[in-house]
Amino acid sequence: MNEKSSRRNFLTAPAGAGALAAAVATPGQLFAATSATIPTIRIPKEIPANLSEAPKVGSFEGRGMTGAEIFAKLCKDEDLAAMFCCPGNYTVINAMAAAGIPSYGGRSEGPMCAAADGFSRVTGEATACSGTEGPGFTHMIMNIASAHAARTPLLVLASNMQIAGDDREAFIQTGYQQPITSGMKKYGKRLIAPDRVWEYGAYAFRNMKSGVPGPVHLDFPGEVARARFTDPANLKDFYTKDKYRTESRPQPSTKEVAMAVDVISKAERPLLVAGQGVFQRKGSEALLQAAEKHEFAVVGSGPMRGHFPDDHRLSASLAPDALMSADLVVFVGQYSMPSPGEYRLNPDVKTIRVHPVQEDLGRNWPLDLGIVSDEKIFLESLANDLPRKKRDPWVNELAAARKKFEDTNLSHYALGLKHSVATDHIHPAVMAKEVHDFLYKGDIDPKQTVTGMGGWTSGIFSGRWLRANRPGQGLTCGYQYGAIGPDLAMTIGAGAAVQRGIGPQAPYKGAPVLCITSDAGIAYSMFELDTAAKYKIPVIAVVYNNNCWGMFPAALGSVRSMHMYLFQENLRYDKMAEGLGARGEYVTTPEQFRDALKRSYQAATKQTISSLINVQALKEFTTGNVYPPGIALPVEPGVGAFAH
């Protein structure tokens, strides 16, 4: 049964027999003596009014600029793309918002950190997240670690307290941060000298925008953030960005390019693994030109997908059975490097690796040729120097492997549909294919919708069906770190980028975004639906609700363990979403799901309203012995891959 009701009806309708049940289900009745009705959810008028105010950049004249305003000026000069935060670190976030940096205030620091990561992943731009020094900062840790695994250029800011309180347990929320982010940042610094705030800001952006990107962590004690300067001469190294960092990139030598061209030309079945660096360095067009000219296969990898289109005839992302046939693999911009055996490649395959940092060449995977180069520059060299070549046997093998993969997916769908009809619950293979058909086989431009994918069972099945046909279209939310929970918040951050039309999202400015996540994962960031509503970021959240943690089979046969893996059954995440100002849909059949997707996309497009579709499933769908096919880890690299 598809249950639909307005938010007001949900809050006031009788829950059924029993005074206790009615009281629990209808919170309006608890206040009946003082209020006849419950007010409608609405966005405070102050929000649009505040967002329409002109920026107010600090000046050295008069009272001068605070350390926070000086840092905000540097961020503005560096074109920091966005900041996501919760109130806290007040002096810094207020200065950054006033300077005109697009800023978003959310419900909790962890999800807002994930949102900043998501914004960066689909644009390639540097973003910031912020929270208070102690609890706000520690709440961000999981998602800082996720950003580190994904090599996201993320500026982590967290402060509030004063140096004067060190070692005194002064007041509350004090915490020494820098040691905590050891191993999950590219660079970090606690600023204790106010006159060096510009200098260390320059350090931060030099690290984020040079070489392999990664999170940078700065914390501002109160003495630094609130210090005042009326003369820039009192600041150390107060230089413009062209003097404290360079846009120069490493280039391969003519000899190295000739060697690579020779090896690729002699291979019968060459394969190029296009990693995150291809996206970060905007090398997609050069890659496409080189691949089409020389007919080598390409498989995309990384925390975002689409820098080589899935629907291209030379794409091996949907052709896992062809990977073992490759007699040469060229890794370009593969920042998270696998070891032999983690990728479905012949362990004796010849290997070329192109990377902007020399020290990483040869790590994990033995090389036949290592080249230090910017990814785009190397790919442009290939596009210029590779001869035109036809590789009909290789192209035909890719096509046959894609057909086999599609047939396998369709067979899983047929089994899932059979299970769905028999149980009146939706199998994850059915959920995934319905989303695929809606986004890529209907009236919507297949290149339009940015998608985020996470969860265990939900992620493994949806990864086989979600497509990325242009740069920045597909988010692999759990990439490499495997965090459960950032999916929705990360997709909301990506949605903010789409709303602003940043970078590769410009042609699709204002389009909705869609996230597939799990009932376990939604608990971490559901409240950011309020943030999405506040900023009119239309997101469709598809929640696979199988009443448990996806790893519940680990408790089978273990005494007194299963209870730890289970939730209450049939929880109504759709109703919770309605209470946060979004639409809610509850579905148990494919037909209901199909209609819910249409309504949700229409509401997102025409009214910028978010929706949560609660897809009711059974935990047993995970186990192949009860409901085949069960789940199997995706082939790496390729569509659905999330490890490297």
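Note that this is a predicted model, so its numbers are computed, not measured.

Draft legend 1. Spatial organisation of the environment of M324. Counting through the fold element by element, M324 comes out in the loop between β11 (304-305) and β12 (328-332). By relative accessible area, which is 42% here, M324 ends up partly exposed. Placed 222 residues apart in sequence, M324 and P102 show a C-alpha to C-alpha distance of 46 Å. When residues no more than four places from it in sequence are discounted, the contact partners of M324 are R344, L345 and N346.

Draft legend 2. Just the pattern of salt bridges, in detail. Taken as a whole and judged by the stated rule, the model has 31 salt bridges. Across the pair R305 and D310 runs a salt bridge whose closest N-O atoms are separated by 2.6 Å. Judged by its relative accessible area of 4%, D310 falls in the buried class. As a salt-bridge pair, K575 and E578 come within 3.8 Å of each other at their nearest N and O atoms. In this pair, K575 and E578 both sit in helix α23 (residues 573-578), three residues apart, roughly one turn of the helix.

Draft legend 3. Examining the environment of V354 more closely. Inspection of the secondary structure assignment puts V354 in strand β13 (residues 350-355). Overall, V354 belongs to the buried group, its relative accessible area being 0%. Distance from V354 to E69, taken between C-alpha atoms, is 40 Å for residues 285 residues apart in sequence. Here V354 is in contact with F331, V332, G333, I371, S373 and F378, once residues within four sequence places are set aside.

Draft legend 4. Here's a closer look at the sheet that holds strand β9 (residues 270-274). Read across the sheet, five strands follow the order β10-β9-β12-β13-β14 without closing on themselves; strand pairing throughout is parallel. Of all the strands in the sheet, just β10 (297-300) and β14 (369-372) have a single pairing partner and so form its edges. The sheet shows a mean angle of 15° between the axes of neighbouring strands, taken without regard to direction. Summarising the sheet, β9 and β12 pair through five bridges and their orientation is parallel. Among the inter-strand pairings, P270 is bridged to a residue of β12, identified as L328.

Draft legend 5. Seen up close, empty space enclosed by the protein. Inspection of every chain in the model, using the stated rule, returns six cavities of 30 Å³ or more. A volume near 80 Å³ is recorded for the largest cavity. Lining the largest cavity, in full, are R305, T451, M453, G463, L466, R467, A468, G474, L475, T476 and G640. Listed by contribution, the elements that provide at least two residues to the lining of the largest cavity are β15 (450-453) and β16 (474-476). Ranked by the residues each element gives to the lining of the largest cavity, the list is headed by β16, at three residues.

Draft legend 6. Fine view of the layout of surface pockets. Estimated volume of the largest pocket: approximately 860 Å³. What lines the largest pocket is a set of 28 residues, and nearest its centre among them are N50, L51, A97, S103 and Y535. Put simply, the parts of the chain that give the lining of the largest pocket at least two residues each are α4 (46-51), β2 (83-85), α6 (90-98), β3 (103-105) and α20 (487-500). It is α6 that contributes the most residues to the lining of the largest pocket, five residues altogether.

Draft legend 7. Representation of the packing of helix α17 (residues 392-423) against helix α18 (residues 428-440). Running from amino to carboxyl end, α17 crosses α18 at an angle of 115°, the nearest separation of the two axes being 7 Å. Crossing of α17 over α18 shows left-handed handedness. Across the interface between the two elements, L410, H412, Y413, G416, L417 and S420 of α17 pack against A429, V430, K433 and E434 of α18. Looking at the contact of α17 with α18 residue by residue, the class counts come to five nonpolar, three polar and two charged.

Draft legend 8. Focus on the packing of helix α15 (residues 284-294) against helix α16 (residues 375-385). Relative orientation of the contacting elements α15 and α16 amounts to 30°, with a least axis distance of 8 Å. On the basis of their axis angle, the class for α15 and α16 is roughly parallel. Seen along the crossing, α15 lies across α16 with a hand that is left-handed. Residues A286, L287, Q289, A290 and K293 of α15 pack against K376, L379, E380, L382, A383, N384 and D385 of α16. Of the residues in the contact of α15 with α16, the class split is six nonpolar, two polar and four charged.

Draft legend 9. Structural detail: the side chain of R353. Note on placement: R353 falls in strand β13. Side chain to side chain, R353 and H355 meet in a polar contact 3.4 Å long. Not counting residues up to four positions away in its chain, the partners in contact with R353 are F331, Q334, M337, D360, L361, G362, R363, L367, L369, G370 and I371.

Draft legend 10. Seen up close, the packing of aromatic side chains. Scanning all chains against the criterion turns up 14 aromatic pairs. Aromatic pair F438 and Y601: ring centres 5.5 Å apart, planes at 70°, arrangement edge-to-face. Of this pair, F438 sits in helix α18 while Y601 sits in helix α24 (residues 590-607), and the two are 163 residues apart along the sequence. The exposure classification of F438 matches that of Y601, with both residues buried. When the centroid spacing of 5.1 Å and the interplanar angle of 85° are considered together, the rings of F621 and Y627 count as edge-to-face.

Draft legend 11. Main features of unusual backbone geometry. Here the amide bond leading from P628 into P629 is cis, since omega sits at 15°, within 30 degrees of zero. With an omega dihedral of -10°, the bond running from E636 to P637 counts as a cis peptide bond. By the element assignment, P637 lies in the segment after β20 (611-616). One non-glycine residue, N570, lies in positive phi territory at about 65°. On the secondary structure map, N570 appears in the loop between β18 (539-545) and α23. On the basis of relative accessible area, N570 is assigned to the partly exposed category, the value being 38%.

Draft legend 12. View of the nonpolar core. Core analysis: the biggest nonpolar cluster contains 49 residues, and F84, Y104, M140, I144, L529 and L612 have the highest contact counts within it. Taken together, the elements giving at least two residues each to this core come down to α7 (109-121), α9 (141-149), β5 (154-158), α20, α22 (528-534), β18 and α23. Among the elements that take part in this core, α20 stands out by supplying seven residues, more than any other. Discounting residues that sit within four places of it in the chain, I144 has contacts with C113, F137, V156, M184 and P215.

Analysis parameters
- Residues numbered from 1 in each chain as written.
- Predicted model: local features only at pLDDT ≥ 70, side-chain atom pairs only at ≥ 80, totals over all residues.
- Heavy atoms only, no water.
- Helix = DSSP H or I, 4+ residues; strand = E, 2+ residues; numbered from the N terminus.
- Buried < 20%, exposed > 50% of the residue type's maximum accessible area, 1.4 Å probe, protein only.
- Contact = heavy atoms within 4.5 Å.
- Salt bridge = Lys/Arg side-chain N within 4 Å of Asp/Glu carboxyl O.
- Pairing = 2+ DSSP bridges.
- Axes fitted to C-alpha atoms, helices over the stretch in contact; angles between N-to-C directions.
- 1 Å grid on protein atoms, 1.4 Å probe; cavity = no way out; pocket = protein on both sides within 12 Å on 5 of 7 lines; lining within 4 Å.
- Points joined across faces, edges and corners; volume = space filled by probe spheres on them.
- Left-handed = near helix turned anticlockwise from the far one by under 90°.
- Nonpolar A, V, L, I, M, F, W, Y, C, P; charged D, E, K, R; others polar.
- Parallel < 35°, antiparallel > 145°, perpendicular 65-115°, else oblique.
- Polar contact = N/O pair within 3.5 Å; in protein donor to acceptor, adjacent residues only side chain to side chain.
- Phe/Tyr/Trp six-rings, centres within 6.5 Å; stacked < 30°, edge-to-face > 60°.
- Core = buried A, V, L, I, M, F, W, Y, C linked by side-chain atoms within 4.5 Å.

These results come straight from atomic positions and should not be treated as a statement about function.
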